[in-house]
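Residue strings, one per chain:
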Amino acid sequence: MPIYQAPLRDYQFVLNELLDIYNQKELAGFDEFDAELIDAVLQGVADFTTDIMLPLNGSGDVEGCKLVDGKVVTPKGFIDAYQQYVDNGWATLTCDPEYGGQGLPEVVGIFATEMKTATNMAFAMYPGLTHGAYAAIHAHGSDSLKRKYLDKLVSGEWTGTMNLTESHAGTDLALLRTKAIPVGDDMFAITGEKIFISSGDHDLTDNIVHLVLAKLPDAPEGVKGISLFVVPKVLLNNDGSLGEPNSLCAASLEHKMGIHGNSTCVMNFDGAIGELVGEPHQGLRAMFTMMNQARLGVGLQGLGVSEIAYQNALAYAKDRIQGRALSGAKQKALTADPILVHGDVRRMLLSQKSFNEGARALMGQQALWLDEAERHSDPVRRKRSSQLAALFTPIVKGFVTDQGFKACVDAQQVFGGHGYIHEWGMEQYVRDIRISMIYEGTNGVQALDLVGRKIMSDRGAALALWSEEVKAFIQTSLDNEMLKPLVSSLMAATTDLEKATAIIATEAANKPDVIGAASFAYMQLLGITSLAWMWTRVAEKALMGLESGNADTAFYQNKLKTAKFYMAYWAPQTRSLVKQIESASHVICEFEDADF
């Protein structure tokens, strides 16, 4: 079975030293916790995920979910594990205390999510989708809906789903056909079919709260006619207890490449009774609350699975003996050296390591922006943080999952032939994490959203906010001799980003198709640059840790070495990406349909 060691020391570094969350007194609720409490929470999650969730990952993949007599049966051990998850209170961490939550900030919750997705991505999706449903009802639901559903969703007694996709309407939700007919008493009969519904049916809880996109009879055309409805699997009595089953079912289970332990269903709604979330025809706004929550969660899948794949690849590289180092035998007592001595193995491992730690820092920053957008006492700061979080949502979803998948492939490659064999676990990680690049908006859509909506539509206002922050950091770091090489690399990357942004802005007016052709390369460019920013900040804090006389010298020195590798290996890729944007985008647009 694969091994896993939760990166608790790295969490402490990001939270305490890099982001300084224990001194964010202007954020509501941040004064109610300290490092001792947060360390204990994360240690508890680490113990649960390692001891309970990890052993079920491989067996859940082999057994998968089954549809028996119209009901989904989850793999052996999932029911007991989920009950322990609920009993331990892990479902409540970042939820509103008014509904039974613990009220912890998002910047803490994301690391709990990373550990869950690292140890058992399929299992983690059940509570993950529930949190998205909770967020949508909490933000947009009426008081009546909140009273009916939030307590049970927060506790984990019930789970939730998102029902968006239809067979003919994937990303283009304007094409959806599911109908909602008023039947009196603010109730609606929902009829239609949804596909690819993660956690659509299962035996973990007595009720599942489906959030379903549908159109009312008087709905305008396109996405402006979409409404969102709460449609429970089991209807509620007046006293809130469970009543009769609703007229919906899982018609079939999808046969998937990975995440076999999660039930991906085709859902049929046949006049199922539901209630409106928010205002009529405003479902898109509520949907994006769910989607943005989900996109952060998917990005964490990219990071979490990449982390466990890296840990196992590293352990294997230290243990597997094969050949000798080019500079001579390193382990003369052995018949061969561990493969860790080989340059290409070291390259792959360092690429994974530097990506994982840099992405973890970026995820922490993204979560802190989300917390500031909700909790900061200054409305100007709230707006600014909201803009930055919106800008980076395609990065944490698209860039992180793209590179997380590649990191898993590298980890598999370290194992050689054994990486292709099920018993080592690597092929499952590659299969599982592949979906992260597709669902919750494919990464091509994320890139187009980044360039078309987040960069072009507001004339780069959010990007300018972030650029100002990066330039201010560079300016204050120029006198630090130890940081100068890293700062120089960061400056080069930001210059490349500015060039690419100017190219797209210039071309977009006359050739709008260039936006689509250049968007993917631009997303990678901004992603690599943003991690360069994080690594330079990490290096600054590591130097401060060394100067303070902190006993954890090896940890800080390792951070500095890894930062140096990132800037030498990853950061120079921005140059070729600028060239792609400048040249290849035009070539793409020159092709006629018949040329393919």
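The preceding data block contains the structure.
Note that this is a predicted model, so its numbers are computed, not measured.

Notably, aspartate 20 is not glycine yet its phi reads approximately 55 degrees, a positive angle. Mapped onto the elements of the fold, aspartate 20 is located in the loop between α1 (8–18) and α2 (35–63). Unusually for a residue other than glycine, arginine 459 sits at a positive phi of about 55 degrees. Structurally, the position occupied by arginine 459 is in the loop between α11 (443–456) and α12 (461–477). When its relative accessible area of 82% is taken as the criterion, arginine 459 is described as exposed.

Time to look at helix α14 (residues 513–547). With 35 residues, α14 ought to run about 51 Å at 1.5 Å a step, and its terminal C-alpha atoms sit 52 Å apart, in line with that. Bending of α14 peaks at approximately 50 degrees at the position of serine 519. With 26 of its 35 residues buried, α14 lies for the most part within the structure. After α14 finishes, the residue glycine 549 shows a positive phi value of roughly 80 degrees.

Another point: the packing of aromatic side chains. Tallied over the full model, the rule gives 25 aromatic pairs. Ring centres of phenylalanine 565 and tyrosine 569 lie 5.0 Å apart, and the angle between their planes is 15 degrees; this geometry places the pair in the stacked category. You can see phenylalanine 565 and its partner tyrosine 569 sitting in helix α15 (residues 553–569), 4 residues apart, about one turn around the helix. Note on phenylalanine 565: relative accessible area 17%, which makes it buried.

Reading the values: rules and limits
Residues numbered from 1 in each chain as written. Predicted model: local features only at pLDDT ≥ 70, side-chain atom pairs only at ≥ 80, totals over all residues. Heavy atoms only, no water. Helix = DSSP H or I, 4+ residues; strand = E, 2+ residues; numbered from the N terminus. Buried < 20%, exposed > 50% of the residue type's maximum accessible area, 1.4 Å probe, protein only. Expected span 1.5 Å × (residues − 1). Bend = angle between axes of the 7 residues up to and from the residue. Phe/Tyr/Trp six-rings, centres within 6.5 Å; stacked < 30°, edge-to-face > 60°.

Geometric descriptors of this kind do not, in isolation, establish any biological role.
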